[in-house]
Amino acid sequence: MHWSISMISPDTSDSIPFLAEDACPDPCGELAPWKILIVDDDPHVHAVTELILRHISFRNRTLQIYNAESAAAARDLLQREPDFAFALIDVVMETADAGLELVHHIREERKDRAIRLVLRTGQPGYAPEQDVVLAYEIDDYKSKTELTAQKLFTSVVACLRAYELITEINALNAELEARVAMRTAELQKLAMLDPLTGAGNRRHLEERAAAEIADCQRTGRELGVIMFDIDHFKHINDTWGHAAGDLVLQKVVQTAAAQLRATDFLARIGGEEFVILVPGDGLAGAVHIAERIRAALAGCPVCAQAASIPVTSSFGVTVVTETSLDGALVRADEALYQAKHGGRNQVAAAA
């Protein structure tokens, strides 16, 4: 099918504007051109269309025209070249509805909602305009004889404006989604942490324990549990004040965390009481880690209120033998009680 169009001289009413109304030449030539796809099985149509469009510039960007003589060739081009802004597509090519199938491919298979699509046909009666406009997500549907040079220019610029707006909206939406996702992750993390010390909270401890217990049951390893609290913490608050007590809590967490492995987990479960999960090394390994923490705390007084506050802690250690953490916490608490009544600043274990 052939479509002929006469180039009209620049001083007539149907002349081709070289620049869009809100564009000006780009002195640096740094902006990437708009990618335009022409899909038609008639080489003459490609030649005439490119002749009409080749001098157009919009938003300081020229047009880079790609030609495909079939819907299949257009699919290959779309696969290789991203970010087409506009496509002018013939309806009847290798098949009677090849252009319509290409629109479906772009919108539904490629999920490309940004590219602007204009269908044109040399057989306007074959596919009624109203049916096509309702059934396909396109910007316009014209017979080839309707698309004069002036109307083609108008259609291209209108579509580029729409593409520009859609891409800006998509970019803003993507940025907003990224910020929301980041903020959600931050809030989820905060919901699992003790706000004063940064250690895990009780909820986080329960979730982590469930995962560790399931892993130990699968691998046959043991999960050690350390419970400890700060000796004479009430005396620290009464003598140096609650601000100093808060600082002691923070320093205790920092010192204890420095003695742990990446696989261990530290949580504050209330007041001056903490729990550590120690996967993999059984009772002996957990006792060894508890002793390291005890020694580190005893050797590192906390400076607050122009005073050096001595800090020690007592530890109860056990292993999980059930399918939940509850029993181990009871045994660790009993061992901690023994350490307290044995003189404090020591580690006691309960099998």
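Here the structure is a predicted model, which means the values were calculated and not measured.

*Asks:* Residue-level account of the UniProt feature "modified residue: 4-aspartylphosphate" (unreviewed entry) in the chain, with values.
*Replies:* This chain's UniProt record puts "modified residue: 4-aspartylphosphate" (unreviewed entry) on Asp90. Tracing the backbone through its elements, the reader meets Asp90 in strand β4 (residues 86-90). Owing to a relative accessible area of 0%, Asp90 belongs among the buried residues under this scheme.

*Asks:* Give a detailed account of the sheet that holds strand β8 (residues 265-270), specifying residues and quantitative values.
*Replies:* Spatial ordering of the open sheet is given by β8-β9-β7-β12-β13, a layout of five strands whose pairing is mixed. Two strands close off the open sheet at either side, each with one partner strand: β8 and β13 (347-349). Recorded for the sheet is a direction-independent mean angle of 20° between the axes of neighbouring strands. Across seven bridges, the pairing between strand β7 (residues 223-230) and strand β9 (residues 273-279) is antiparallel. When the sheet's bridge partners are listed, Asp229 is paired in β9 with Glu273. Seen against the sheet, helix α9 (residues 282-298) touches β7, β9, β12 (313-319) and β13 and runs at an angle of roughly 170° to β12.

*Asks:* Provide a residue-level description of unusual backbone geometry, including the pertinent values.
*Replies:* Among all residues except glycine, the phi angle is most often negative; among peptide bonds, the trans geometry is most common. At Asn60, a residue that is not glycine, the phi angle is positive and equals roughly 65°. As for its position among the elements, Asn60 is in the loop between β2 (57-58) and β3 (61-68). Taking relative accessible area as the criterion, Asn60 reaches 25% and is therefore assigned partly exposed. The phi angle at His232 is positive, at roughly 55°, despite the residue not being glycine. With respect to the helices and strands, the residue His232 is situated in the loop between β7 and α7 (233-240). For His232, a relative accessible area of 48% translates into the label partly exposed.

About the thresholds
Residues numbered from 1 in each chain as written. Predicted model: local features only at pLDDT ≥ 70, side-chain atom pairs only at ≥ 80, totals over all residues. Heavy atoms only, no water. UniProt positions renumbered as here; feature names shortened; annotations may be inferred. Helix = DSSP H or I, 4+ residues; strand = E, 2+ residues; numbered from the N terminus. Buried < 20%, exposed > 50% of the residue type's maximum accessible area, 1.4 Å probe, protein only. Pairing = 2+ DSSP bridges. Axes fitted to C-alpha atoms, helices over the stretch in contact; angles between N-to-C directions. Contact = heavy atoms within 4.5 Å.

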